[in-house]
Amino acid sequence: MGNRPGAGGVPGLSRTLVDMDVAGITYNDTYYIKKEAANELRVHFHELVHVLQWRELAPQGFIERYIREIQYFGYNNAPLEKMAYALDGHYQSKGRHLSVEQFVRENL
Ligand SMILES: [Zn+2]
């Protein structure tokens with residue numbers, strides 16, 4: 001799986017995160033994307049969802065929750081990731097207009 005969208009977490013904080021093979025990673029209001037995924041707008045969208053999650057939860061809250069979720073549910077089933085995947089899929093499939101900001105706020 002070389003090209004899935006990225007982790008919302010901080011590199012180096014846990015072995016779990018370090019080992020994840022992701023296309024991008026978000027740290028607070030900044031995200032990084034691997035060169036080979038740079039043209040995939042879905043990946044950018046996914047990381048921007050994480051930016052909103054960071055903003056809503058505040059950095060400490062996001063980091064604690066994200067790591068807890070990854071350890072407990074695994075990457076694919078972590079609620080913060082599932083939300084980001086749901087929204088990037090919505091974007092990719094040209095779903096109906098919605099406020100992503102509001103969606104994130106109401107579904108955290
Ligand atoms: Zn993600």
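Keep in mind it's a predicted model, so treat the numbers as computed, not measured.

S.K.: It is not clear to me how the overall build of the protein should be interpreted in this structure. Could you clarify?
M.R.: The secondary structure content of the protein amounts to four helices and two strands. Each helix and strand of the protein, placed in order from N terminus to C terminus, yields the pattern α-β-β-α-α-α. When the 108 residues of the protein are sorted by exposure, 30% land in the buried category. Considering only intrachain contacts with a sequence separation of at least 6, the fraction spanning at least 24 residues in the protein is 50%.

S.K.: Which parts of the structure should I look at to understand the packing of helix H2 (residues 41–73) against helix H4 (residues 100–107)?
M.R.: Axis angle and axis distance: for two packed helices, these are the angle between their axes and the distance between the axes, and together they describe the pair. Taken N-terminus to C-terminus, the directions of H2 and H4 make an angle of 50°; their axes are 10 Å apart at the nearest point. Relative to H4, the element H2 lies oblique. The hand of the H2/H4 crossing is right-handed. Note on element contacts: H4 touches H2 through Val-100, Glu-101, Val-104 and Arg-105, opposite Val-49, Leu-52, Gln-53 and Glu-56. Split into classes, the residues belonging to the contact of H2 with H4 amount to four nonpolar, one polar and three charged.

S.K.: Which parts of the structure should I look at to understand the environment of Ala-78?
M.R.: Position of Ala-78 among the secondary structure elements: in the loop between H2 and helix H3 (79–92). Considering only alpha carbons, one finds Ala-78 and Arg-65, 13 residues apart in sequence, at a separation of 9.7 Å. With residues near it in sequence (within four places) discarded, Ala-78 still touches Glu-69, Ile-70 and Phe-73.

S.K.: Explain H2 here, please?
M.R.: Owing to its 3.6 residues per turn, the α-helix brings residues three or four apart onto one side. Helix length check: H2 (33 residues) gives 27 Å between terminal C-alpha atoms against 48 Å at 1.5 Å per residue, more than 12% under. Residue Ala-58 marks the point of greatest curvature in H2, where the axis turns by about 110°; the proline Pro-59 follows within four residues. All of the buried residues along H2 are Val-43, His-46, Glu-47, Val-49, His-50, Leu-52, Gln-53, Trp-54, Phe-62, Tyr-66 and Ile-70. Looking one or two residues past H2, Gly-74 carries a phi angle of roughly 85°, positive in sign.

S.K.: Looking at this structure, I do not really get the environment of Ala-23. What am I missing?
M.R.: With respect to the helices, strands and loops of the structure, Ala-23 is situated in the loop between helix H1 (15–19) and strand S1 (24–27). The spatial distance from the C-alpha of Ala-23 to the C-alpha of Lys-34 is 5.4 Å, given a sequence separation of eleven residues.

S.K.: How do you make sense of the confidence of the model for the protein when you look at a structure like this?
M.R.: Any residue range with low pLDDT should be treated as having predicted coordinates unsuitable for detailed reading. The predicted model of the protein has a mean per-residue pLDDT of 87, with 81% of residues at 70 or higher. The lowest-confidence element of the protein is H1, averaging 53 in pLDDT; the highest-confidence one is H4, averaging 97.

S.K.: Before we go on, may I ask you to explain the pairing of S1 in this structure?
M.R.: A regular strand places its side chains so that they alternate between the two faces of the sheet. The sheet contact formed by S1 and strand S2 (residues 30–33) spans four bridges and is antiparallel. Looking at the pairing, Ile-25 lines up with Tyr-32 of S2. Here S1 hands over to S2 after two residues, with Asn-28 in that stretch at a positive phi of 60°.

S.K.: I'm lost on the nonpolar core in this one. Help?
M.R.: Burial of nonpolar side chains together is a common tendency in soluble globular proteins. Among the nonpolar cores identified, the biggest contains eleven residues, and these are Val-49, Leu-52, Trp-54, Phe-62, Tyr-66, Ile-70, Ala-78, Leu-80, Ala-84, Leu-87 and Val-104. Among the elements that take part in this core, H2 stands out by supplying six residues, more than any other. Not counting chain neighbours up to four residues away, the residues in contact with Leu-52 comprise Val-100, Glu-101 and Val-104. Residues Tyr-31, Ile-33, Ala-37 and Val-43 belong to the second largest nonpolar core, which totals seven residues.

Thresholds, definitions, all that
Residues numbered from 1 in each chain as written. Predicted model: local features only at pLDDT ≥ 70, side-chain atom pairs only at ≥ 80, totals over all residues. Helix = DSSP H or I, 4+ residues; strand = E, 2+ residues; numbered from the N terminus. Buried ≥ 20, exposed ≤ 12 C-beta atoms within 10 Å, placed from the backbone. Contact = placed C-beta atoms within 7 Å. Axes fitted to C-alpha atoms, helices over the stretch in contact; angles between N-to-C directions. Parallel < 35°, antiparallel > 145°, perpendicular 65-115°, else oblique. Left-handed = near helix turned anticlockwise from the far one by under 90°. Nonpolar A, V, L, I, M, F, W, Y, C, P; charged D, E, K, R; others polar. Expected span 1.5 Å × (residues − 1). Bend = angle between axes of the 7 residues up to and from the residue. pLDDT = per-residue confidence, 0-100. Pairing = 2+ DSSP bridges. Core = buried A, V, L, I, M, F, W, Y, C linked by C-beta atoms within 7 Å.

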